[in-house]
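Observations on the three-dimensional arrangement
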Amino acid sequence: MRIVGIKELKEKLSSYINEIRSGTTIVITDRGEEIAVISPLSIEYKLMAALEKSGKVHWARGKPRGLEDGIIVRGEPLSVTMLEERE
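Here the structure is a predicted model, which is why all the values come from computation and not from measurement.

Some remarks on unusual backbone geometry
Non-glycine residue Arg31 carries a positive phi angle of around 55 degrees. With respect to the secondary-structure elements, Arg31 resides in the loop between strand E2 (26-30) and strand E3 (33-38).

Below, the structure written as structure tokens:
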């Protein structure tokens, strides 16, 4: 991971883009304060984009519908279940 100021990033953007392509994550700072991270696309993102391009899925790049309130888990916590199974 590299830390780069905005001014340097603007001056050498092409070279930093090449680093990102090769897997480097870059933290951007503004007057010493970390404000953003630029990283390579994840494998999951690339796979979803390939599926969309092939026409097999339609991806609106948002949160799946129906998950606005989160996932509700019922019953014992997984940790309790695992400890019981070990006995």
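Considerations on the pattern of salt bridges
Going through the model one piece at a time under the given rule, you end up with one salt bridge. With its nearest N and O atoms 2.5 Å apart, the salt bridge here joins Arg2 to Glu19. Of this pair, Arg2 sits in strand E1 (residues 2-5) while Glu19 is found in helix H2 (residues 13-21), placing the two residues 17 residues apart along the sequence. Owing to a relative accessible area of 35%, Arg2 belongs among the partly exposed residues under this scheme.

A look at the pairing of E2
Counting buried positions over the five residues of E2 gives four, a clear majority of the element. Looking at chain direction, E2 and E3 are connected through five bridges and run antiparallel. Across the sheet, Ile26 pairs through a bridge with Ile38, a residue of E3. Hairpin connection of E2 to E3: two residues between the antiparallel strands, including Arg31 at a positive phi of 55 degrees.

Digging into a negative patch on the surface
Taken together, the side chains of Glu76, Glu84, Glu85 and Glu87 define an acidic patch exposed on the protein surface. Along the polypeptide, Glu85 turns up in helix H4 (residues 78-86).

Thoughts on the sheet that holds E3
Spatially, the three strands line up as an open sheet ordered E1-E2-E3, and their pairing is mixed. Each edge of the open sheet is held by one strand with a lone partner, namely E1 and E3. For this sheet, the mean inter-axis angle between neighbouring strands, taken without regard to orientation, is 30 degrees. Two strands pair when backbone bridges link them, and E1 and E2 are joined in this way by four bridges, in the parallel orientation.

About the thresholds
Residue positions are given per chain, counting from 1 as you read along its sequence in written order. Under the rules for a predicted model, residues below a pLDDT of 70 receive no local features and side-chain atom pairs below 80 are neither given nor counted, while totals for whole chains, interfaces and linings still include all residues. Excluded from the side-chain calculation are hydrogens and water; included are all heavy atoms of the structure. Under the DSSP-based scheme used, a helix requires at least four consecutive residues in state H or I and a strand at least two consecutive residues in state E, with every element numbered from the N terminus. Any Lys or Arg side-chain nitrogen located within 4 Å of an Asp or Glu carboxyl oxygen qualifies as a salt bridge. Burial status follows relative accessibility: with a 1.4 Å probe on protein chains alone, a residue under 20% of its type maximum counts as buried, one over 50% as exposed, and anything between as partly exposed. In this description, strands pair whenever DSSP reports at least two bridges between them. Only residues whose relative accessible area exceeds 30% and that form no salt bridge enter a patch; like-charged residues are grouped when within 9 Å of one another, and nonpolar side chains (Val, Leu, Ile, Met, Phe, Trp, Tyr) when within 5 Å. Here the accessible surface of atoms and residues is derived via Shrake-Rupley with a 1.4 Å probe, and residues count as covered only by protein chains that are part of the display. Note that His is not counted, nor are the chain ends; the positive residues are Lys and Arg, and the negative ones are Asp and Glu. Where a charge lies is defined by one atom per residue type: Lys uses NZ, Arg uses CZ, Asp uses CG and Glu uses CD. Each axis is a line fitted through C-alpha atoms, and for a helix only the stretch in contact is used; angles between axes span 0 to 180 degrees, taken between their N-to-C directions.

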